Every structure is written in C-alpha cells, then in structure tokens.
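# Observations on chain architecture
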Amino acid sequence: MKYYFFSVLTQLLLFLGLIKSILITPHDDIYFMKRALQEAQAAYDKSEIPIGAVIVADNQIIARAHNLTQTLNDVTAHAEMQAITAAANFLGGKYLHKCTLYVTIEPCQMCAGALFWSQIPTIVYGASDSQRGCIAMKTKLHPKTKISGGVLAKEAAGLLQQFFIEKRNLN
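What you see is a predicted model, and the numbers here were worked out from it, not measured in a lab.

## Considering the sheet that holds strand S2 (residues 60–66)
On the basis of which strands lie adjacent, the open sheet formed by 5 strands has the order S2-S1-S3-S4-S5 and mixed pairing. Two strands close off the open sheet at either side, each with one partner strand: S2 and strand S5 (146–148). For this sheet, the mean inter-axis angle between neighbouring strands, taken without regard to orientation, is 15 degrees. Sheet topology places strand S3 (residues 99–105) next to strand S4 (residues 122–127); 5 bridges connect them, and they run parallel. When the sheet's bridge partners are listed, Thr100 is paired in S4 with Thr122. The strands touched by helix H4 (residues 79–91) are strand S1 (52–57), S2 and S3; relative to S2, the strand with the most contacts, the crossing angle is about 145 degrees. Against the sheet, helix H6 (residues 153–170) makes contact with S3 and S4, and its axis sits at roughly 60 degrees relative to S4, the strand it touches most.

Following this line, the structure appears as structure tokens:
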C-alpha cells in the first residue's frame with residue numbers, strides 16, 4: 001500500500017510539473033529566437049543568406065520563414081516578407097495585430113515598411129545591422145510598434161559571418 005501511494009504521488013507530481021511547464025510557463029524571447037535561428041540554418045543549408053523569422057500569436061508560432069532570394073530569384077523574398085505573408089494567410093487578414101516577429105537580424109528598410117503596413121505591434125531581432133538595418137536607415141515603424149534587439153545576437157551574427165567567410169573562400 002505504501003509503495004502504491006508513493007508511485008501515484010510521484011506520477012501526480014510529474015504530471016503537475018508537465019502541466020506547469022506547458023500552461024503556466026510561457027515561452028520567452030530566447031525560445032522563439034532559437035526557432036528563428038533554426039530557420040536561418042535552413043537558409044544557410046540552401047546557400048541563402050542565413051536569416052530566419054517566426055511570427056508568434058498567443059504564444060504559438062503561426063508562421064516561420066527564411067530567406068529565399070536565391071531560390072526564388074526574387075530580391076523581395078526576405079525572411080520577414082515570407083513570414084508576414086504566411087502569418088496573414090494563417091490569420092485570414094493582412095493585419096498582424098497581437099503578433100510578435102522574431103527575426104535573426106534587424107529588419108531592412110523594405111521589410112520594416114512591410115511591417116509598418118502589417119501593423120505588427122512587436123519586433124524582436126537578434127543581431128543589429130549598422131549599415132542596412134531599419135534603425136540605421138531611420139525607417140519609420142508603425143507608431144504602436146515596439147522594437148527590441150540583442151536576443152541571441154552572437155549566435156545570429158556568427159551564422160552570418162560564417163556564411164560570408166565561406167562564400168568569400170569559394171569565390
């Protein structure tokens with residue numbers, strides 16, 4: 001009887017811990033940036049510039065994308081643009097209210113413009129882009145959009161640096 005009680009109690013505690021980790025502890029910026037980095041790795045594996053993005057609504061990834069400019073022969077096929085389109089299709093509308101974009105590098109001017117029109121309220125990026133990023137270019141975002149950076153910046157920048165070092169060595 002004692003053993004049975006201990007076994008049931010142990011299983012109950014494990015179950016409650018699992019429920020807590022799923023329902024009570026929400027995923028954080030690091031978790032979602034790691035998912036964006038997985039997308040960047042997928043781009044890297046296709047010889048695309050390794051930038052990845054995910055869009056999250058209600059703590060769930062509703063869109064994931066990576067650069068496809070070489071694959072599609074399309075200069076607008078940035079990770080953010082692909083993710084915006086996928087998220088809008090998922091939601092059934094063009095506005096991304098109550099969503100957050102996680103992207104491995106600061107959005108460029110083109111992507112920031114599209115994000116403006118999508119009215120996304122939150123942008124979280126990894127590495128800064130001091131030359132072509134929307135902050136350096138002084139691109140206006142939607143007035144209600146909050147942008148923050150530096151989440152897993154070393155990992156995001158490292159993947160980009162590795163990609164360009166390899167490209168230079170091949171040419």
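## As for the packing of H4 against helix H5 (residues 109–118)
In helix packing, the relevant descriptors are the interaxial angle and the interaxial distance, both defined with respect to the helix axes. Contact geometry of H4 with H5 gives a least axis separation of 9 Å together with a crossing angle of 20 degrees. What the angle tells us is that H4 and H5 run roughly parallel. In this structure, the crossing between H4 and H5 has a hand that is left-handed. Each of Glu80, Met81 and Ile84 in H4 lies in contact with H5, whose residues at this interface are Met110, Cys111, Ala114, Leu115 and Ser118. Partitioning the contact of H4 with H5 into residue classes produces 6 nonpolar, 1 polar and 1 charged.

## Some remarks on the pairing of S3
Of all 7 residues in S3, 7 are buried; the element is thus mostly enclosed. As paired strands, S1 and S3 are joined by 5 bridges and run antiparallel to one another. The partner of Ala57 across the bridge, within S3, is Cys99. For the crossover that starts at S3, traverses H5 and ends in the parallel S4, the hand is right-handed.

## Structural notes on the layout of surface pockets
There is about 550 Å³ of room inside the largest pocket. Every residue lining the largest pocket is counted, 23 residues in all, and those nearest its centre are Ile51, Ile105, Asp129, Arg132 and Leu160. Sorting elements by how many residues they give to the lining of the largest pocket places H6 first, with 5 residues. Here the residues of the lining of the largest pocket are counted per class, giving 11 nonpolar, 7 polar and 5 charged.

## Some thoughts on the pairing of S4
Each regular strand carries side chains that alternate between the two faces of the sheet. The buried fraction of S4 amounts to 5 of the 6 residues, a majority that puts the element mostly inside the structure. Taken together, the 3 bridges between S4 and S5 define a ladder with parallel strand orientation. What sits directly across from Thr122, in S5, is Lys146.

So, how was this worked out
- Residues numbered from 1 in each chain as written.
- Predicted model: local features only at pLDDT ≥ 70, side-chain atom pairs only at ≥ 80, totals over all residues.
- Heavy atoms only, no water.
- Pairing = 2+ DSSP bridges.
- Helix = DSSP H or I, 4+ residues; strand = E, 2+ residues; numbered from the N terminus.
- Axes fitted to C-alpha atoms, helices over the stretch in contact; angles between N-to-C directions.
- Contact = heavy atoms within 4.5 Å.
- Parallel < 35°, antiparallel > 145°, perpendicular 65-115°, else oblique.
- Left-handed = near helix turned anticlockwise from the far one by under 90°.
- Nonpolar A, V, L, I, M, F, W, Y, C, P; charged D, E, K, R; others polar.
- Buried < 20%, exposed > 50% of the residue type's maximum accessible area, 1.4 Å probe, protein only.
- Right-handed = clockwise from strand over helix to strand, strands pointing away.
- 1 Å grid on protein atoms, 1.4 Å probe; cavity = no way out; pocket = protein on both sides within 12 Å on 5 of 7 lines; lining within 4 Å.
- Points joined across faces, edges and corners; volume = space filled by probe spheres on them.

Without other data, these values stay purely geometric and don't point to any function.
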